[in-house]
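# Structural overview for review
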Amino acid sequence: MSKVRVLVGTKKGAFILSSDGKRERWDVSGPHFAGWEIYHLKGSPVDPNRLYASQSSGWFGQQIQRSKDGGQTWEPAGNKFVYDGVPGTHQWYDGTPHPWEFKRVWHLEPSLSDAETVYAGVEDAALFRSTDGAQTWEELPGLRGHGSGPHWQPGAGGMCLHTVILDPSDPKRMYIAISAAGAFRTDDAGETWRPINHGLHSQHIPDPDAEVGHCVHHVAMHPSRPGVLFMQKHWDVMRSDNAGDLWREVSGNLPTDFGFVIDVHAHEPETVYVVPIKSDSEHFPPDGKLRVYRSRTGGNEWEALTQGLPQKDCYVNVLRDAMAVDSLDQCGVYFGTTGGQVYASADAGDNWAAIVHDLPPVLSVEVQTLP
Amino acid sequence: MIRVILPAHLRTLGGVAGEVKLETGATTVGTLLDALEDRYPVLQGAIREHVTQQRRPYVRYFACEKDLSHEPPDTPLPSAVVSGAEPFLIVGAIAGG
């Protein structure tokens with residue numbers, strides 16, 4: 001029988017939640033790296049027992065850990081992230097130029113074809129790549145160097161490159177997203193990049209339709225249709241049917257179109273999930289009700305999924321990398337909250353139950369479907 | 001032999017039990033940290049920034065009841081540290097409320 005392994009990054013360590021395909025009983029392992037912030041951990045699609053984890057601390061900086069046995073044991077890898085050449089400046093909160101400074105790794109994206117290759121999205125925003133199992137890192141400088149870099153500015157959470165999507169049909173195509181610069185695409189394996197923000201409209205920037213400056217919170221893609229992208233922007237849920245060349249809004253009947261996570265059903269490329277969050281300051285669910293919204297029509301028409309989720313007095317947030325799906329026949333959906341719960345649905349969102357209730361605030365959730 | 005006491009998180013990271021005992025001819029704060037990182041490469045970047053070699057803001061260096069955190073790297077170590085009579089302490093600053 002297949003198994004699932006849920007990789008949870010929290011503010012005080014990593015946890016690994018394991019179950020068989022029924023997804024009813026769970027083993028909880030952790031905390032790994034207790035006391036450290038684990039922004040993200042993810043397994044290689046080529047070798048599922050090869051895991052990479054971003055471990056950071058305000059005291060002791062960035063570490064990268066890797067596991068060769070599915071997270072039972074870990075070994076430190078390389079933590080030297082040095083920007084290519086003279087780093088230059090981006091805009092600071094007050095509009096003045098500010099030097100690029102490495103702070104942490106937000107997202108690790110293992111290659112689809114090589115277990116030794118992994119990408120790292122970092123703050124201050126840049127994309128790094130390792131081809132030796134995370135021992136050494138090199139920046140892909142074409143992203144910061146494409147021209148608009150000096151105009152990027154941080155969102156409230158810092159100027160982070162938080163989303164890395166690899167196109168399974170074209171190894172030279174990647175998508176990334178930066179808060180608050182926007183989304184970018186490369187078609188030549190990271191040599192050159194261009195912003196893909198046409199159609200985004202953000203009223204909180206001087207030119208609402210600017211080429212860069214949009215606060216993109218997360219982007220999701222179904223592997224069977226890599227040209228179709230779904231985006232949760234600071235405000236607005238968006239969709240592109242042409243690899244980001246043009247976006248259109250699909251917020252439809254959502255109670256609020258603010259939020260952080262977005263993901264796509266494993267087997268239904270038009271089934272999309274979001275968790276609406278009230279406003280850009282309160283950062284909790286509307287009316288104290290934790291509701292996942294599902295669209296089976298690729299957006300615009302959304303239904304609230306509430307069965308098993310708290311429907312009163314709930315004031316948690318769900319952060320941008322904290323939702324994932326498994327690929328079992330009955331698609332499982334998972335998300336973690338800043339209140340330390342990790343919820344799972346083994347029936348595509350119809351019914352939910354908490355795997356764990358009391359972890360530290362959850363920063364990220366990834367899922368591995370194992371044979 | 002110089003004795004170094006690491007904060008708990010760095011002991012875990014480096015796989016260190018108890019004090020670090022370094023057989024080194026280091027006589028300054030900077031060369032002592034170089035020797036420590038040579039012995040435990042995983043600590044590179046965790047005490048000092050990789051490129052600038054600046055002390056990380058929430059890390060402190062204490063020895064012989066003195067704060068050496070703000071001294072330049074070529075500051076001589078106290079003789080009691082060089083002789084091994086007293087440890088060199090690397091401390092995670094109390095912060096966070």
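Refer to the structure printed above.
Residues numbered from 1 in each chain as written. Chains lettered and ligands numbered in written order. Predicted model: local features only at pLDDT ≥ 70, side-chain atom pairs only at ≥ 80, totals over all residues.

### A short note on the overall build of chain B
Counting its secondary structure elements, chain B contains three helices and five strands. Secondary structure of chain B in N-to-C order comes out as β-α-β-α-β-β-α-β. The globule rule puts the C-alpha radius of gyration for 97 residues at 13 Å, and the 12 Å found for chain B is close to it. Projected onto its principal axes, the C-alpha positions of chain B cover 35 × 30 × 25 Å. Scored against the burial criterion, the 97 residues of chain B give a buried share of 25%. Within chain B, contacts between residues at least 6 apart in sequence are counted, and of these 55% link residues at least 24 apart. (Helix = DSSP H or I, 4+ residues; strand = E, 2+ residues; numbered from the N terminus. Rg over C-alpha atoms; globule rule 2.2 N^0.38 Å. Buried ≥ 20, exposed ≤ 12 C-beta atoms within 10 Å, placed from the backbone. Contact = placed C-beta atoms within 7 Å.)

### As for the nonpolar core
Residues and elements named next belong to chain A. One finds Val6, Val8, Ile176, Tyr334, Val342 and Val365 to be the most contacted residues of the largest nonpolar core, which totals 106 residues. By residue number, the principal contributor to this core is strand β15 (residues 174-179), which donates five residues. Residues in contact with valine 365, not counting those within four places in the same chain, are Val6, Val8, Ala322, Met323, Ala324, Tyr334, Phe335, Gly336 and Val342. (Core = buried A, V, L, I, M, F, W, Y, C linked by C-beta atoms within 7 Å.)

### Re helix α2 (residues 29-39) of chain B
All names here are of chain B. Within the span of α2, buried status applies to Val29, Leu32, Leu33 and Leu36. Down the axis of α2, the smallest arc covering the buried residues is 95 degrees, so these residues share one side. The secondary structure elements touched by the buried residues of α2 are β1 (2-5), β2 (20-22), β3 (59-63) and β5 (88-92). (Arc of directions from axis to C-beta.)

### Here we look at the environment of Leu305(A)
Structurally, Leu305(A) is set in strand β25 (residues 303-305). The contacts of Leu305(A), once residues within four sequence positions are left out, are Arg291(A), Val292(A), Tyr293(A), Arg294(A), Gly349(A) and Asp350(A).

### Brief notes about the sheet that holds strand β21 (residues 248-249) of chain A
In a beta sheet, neighbouring strands pair by backbone hydrogen bonds and run either parallel or antiparallel. Residue and element names in this part refer to chain A. Pairing is antiparallel in the open sheet, where four strands are placed in the order β18-β19-β20-β21. Edge positions in the open sheet fall to β18 (216-221) and β21, since each of these has one partner strand only. Across two bridges, strand β20 (residues 237-240) lies against β21 in antiparallel orientation. Across the sheet, the residue bridging to methionine 238 is glutamate 249, located in β21. (Pairing = 2+ DSSP bridges.)

### Looking at the pairing of strand β2 (residues 13-20) of chain A
Residues and elements named next belong to chain A. Alignment of strand β1 (residues 3-10) against β2, held across eight bridges, turns out to be antiparallel. Paired with lysine 3 across the bridge in β2 is aspartate 20. Connecting β1 to the next strand, β2, in antiparallel fashion are two residues. Sheet topology places β2 next to strand β3 (residues 27-32); four bridges connect them, and they run antiparallel. In the sheet register, isoleucine 16 faces β3, and the bridge partner there is serine 29. Hairpin connection from β2 to β3: six residues lie between these consecutive antiparallel strands, with arginine 23 at a positive phi of about 60 degrees.

### Thoughts on the interface of chain A and chain B
Opposite the twelve residues of chain A that make contact, chain B presents twelve residues. Of all the elements, strand β6 (residues 61-67) of chain A adds the most residues to the side of chain A that touches chain B, at three residues. Split into classes, the residues belonging to the side of chain A that touches chain B amount to four nonpolar, seven polar and one charged. (Nonpolar A, V, L, I, M, F, W, Y, C, P; charged D, E, K, R; others polar.)

### Notes on the environment of Pro195(A)
All names here are of chain A. By secondary structure assignment, the location of proline 195 is in strand β17 (residues 194-195). Judged by C-beta crowding, with 21 C-beta atoms within 10 Å, proline 195 ranks as buried. For the pair proline 195 and glycine 182, spaced 13 residues apart in the sequence, the C-alpha separation amounts to 7.2 Å. Aside from chain neighbours lying at most four places away, what touches proline 195 is Ser148, Gly182, Phe184, Glu211 and Val212.

### Considering the sheet that holds strand β7 (residues 75-76) of chain A
Strand order in the open sheet formed by four strands is β4-β5-β6-β7 (chain A), with antiparallel pairing between adjacent strands. Lying at the two open borders of the sheet, with one neighbouring strand each, are β4 (37-43) and β7 of chain A.

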